[in-house]
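Fold and geometry: a report
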Amino acid sequence: QVQLVESGGGLVQAGGSLRLSCAASGRTFSSYGMGWFRQAPGKERELVAAISSSDSNTYYAYSVKGRFTISRDNAKNKVYLQMNSLKPEDTADYYCAATTEGSTIVTMEGDYEYWGQGIQVTVSS
């Protein structure tokens, strides 16, 4: 069982930056693939970024490529999402998720077994 807790959300002006953190419980964090999803009001949840267990592979949605960076610190059981050049369309609830399929990048929402409670990010224009 893995418990995930997000932090670092809030209100920021367009063009600004935020860094989301996700703290994971459990001794096998380093074997999990991790992802950040987001869900804007009235829209479906979408994958923003993902990282494999070994930190060797990453994935980014086209809409955030070049602006967001996913990283992980297996020693601290944490995964991060650095968000730069934020836009109003980045406003959403952001969720951290973990999958036991850690060796490759996992893009399907249904393949993530564990989820955080979500954290709000609001970007004002």
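The present account deals with the structure reproduced in this document. (Residues numbered from 1 in each chain as written. Predicted model: local features only at pLDDT ≥ 70, side-chain atom pairs only at ≥ 80, totals over all residues. Heavy atoms only, no water.)

Here we look at the environment of Phe29
Topologically, Phe29 is positioned in the loop between β3 (18-24) and β4 (33-39). The class of Phe29 is buried, set by a relative accessible area of 2%. Measuring from C-alpha to C-alpha, the distance between Phe29 and Lys65 comes to 25 Å, with 36 residues separating the pair along the chain. Setting aside anything within four residues of it in sequence, one finds Phe29 in contact with Ala24, Met34, Arg72, Asp73, Asn74, Asn77, Lys78 and Val79. (Helix = DSSP H or I, 4+ residues; strand = E, 2+ residues; numbered from the N terminus. Buried < 20%, exposed > 50% of the residue type's maximum accessible area, 1.4 Å probe, protein only. Contact = heavy atoms within 4.5 Å.)

Considerations on the packing of aromatic side chains
With the rule as written, the count across this model stands at 4 aromatic pairs. Where Phe37 meets Tyr112, the ring centres are 5.1 Å apart and the plane angle is 85 degrees; that geometry is what we call edge-to-face. One end of the pair, Phe37, is in strand β4; the other, Tyr112, is in the loop between β9 (92-99) and β10 (114-115), and 75 residues separate them in sequence. Each member of the pair Phe37 and Tyr112 is classed as buried. For the ring pair Phe37 and Trp115, a centre distance of 4.8 Å and an interplane angle of 50 degrees mean the geometry is tilted. (Phe/Tyr/Trp six-rings, centres within 6.5 Å; stacked < 30°, edge-to-face > 60°.)

Re the sheet that holds strand β1 (residues 4-7)
Judged by pairing direction, the sheet is antiparallel, and its 4 strands sit side by side in the order β1-β3-β8-β7 without closing on themselves. Single-partner strands in this sheet number two, and they are β1 and β7 (68-73). Pairwise comparison of adjacent strand axes, ignoring direction, gives a mean angle of 15 degrees for this sheet. Pairing analysis gives 4 bridges linking β1 to β3, with the strands arranged antiparallel. Looking at the pairing, Leu4 lines up with Ala24 of β3. (Pairing = 2+ DSSP bridges. Axes fitted to C-alpha atoms, helices over the stretch in contact; angles between N-to-C directions.)

Here's the deal with the nonpolar core
Ranked by internal contacts, the top residues of the largest apolar core, which has 32 residues, are Leu4, Met34, Val79, Leu81, Met83 and Tyr94. Among the elements of the structure, β3, β4, β5 (46-51), β7, β8 (78-83), β9 and β11 (119-124) are those that each provide at least two residues to this core. Here Tyr94 is in contact with Glu6, Leu20, Phe37, Arg38, Val48, Phe68, Leu81, Met83, Gly118, Ile119 and Val121, once residues within four sequence places are set aside. Counting residues in hydrophobic clusters, the runner-up holds 7 residues, among them Phe37, Tyr95, Ala97 and Val106. (Core = buried A, V, L, I, M, F, W, Y, C linked by side-chain atoms within 4.5 Å.)

Some words on the pairing of β3
Among the 7 residues of β3, 5 are classified as buried, and the element is accordingly described as predominantly covered. In this sheet, β8 lies alongside β3 in antiparallel orientation, the contact comprising 6 bridges. Across the sheet, residue Ser21 finds its bridge partner in β8, namely Tyr80.

Looking at the pattern of salt bridges
Counted under the stated rule, the structure contains 4 salt bridges. Among the ionic pairs, Glu46 bridges to Arg38, the shortest N-O distance being 2.7 Å. Of the residues examined, Glu46 reaches a relative accessible area of 34% and is grouped as partly exposed. Owing to a relative accessible area of 6%, Arg38 belongs among the buried residues under this scheme. Among the salt bridges present, the one from Asp90 reaches Arg67, with a minimum N-O distance of 2.8 Å. Note that Asp90 is positioned in the loop between β8 and β9 and Arg67 in the loop between β6 (58-60) and β7, a separation of 23 residues in sequence. Among the charged side chains, a network of salt bridges with common partners joins Arg38, Glu46, Arg67 and Asp90. (Salt bridge = Lys/Arg side-chain N within 4 Å of Asp/Glu carboxyl O.)

Honestly, it's all geometry; don't read function into it.
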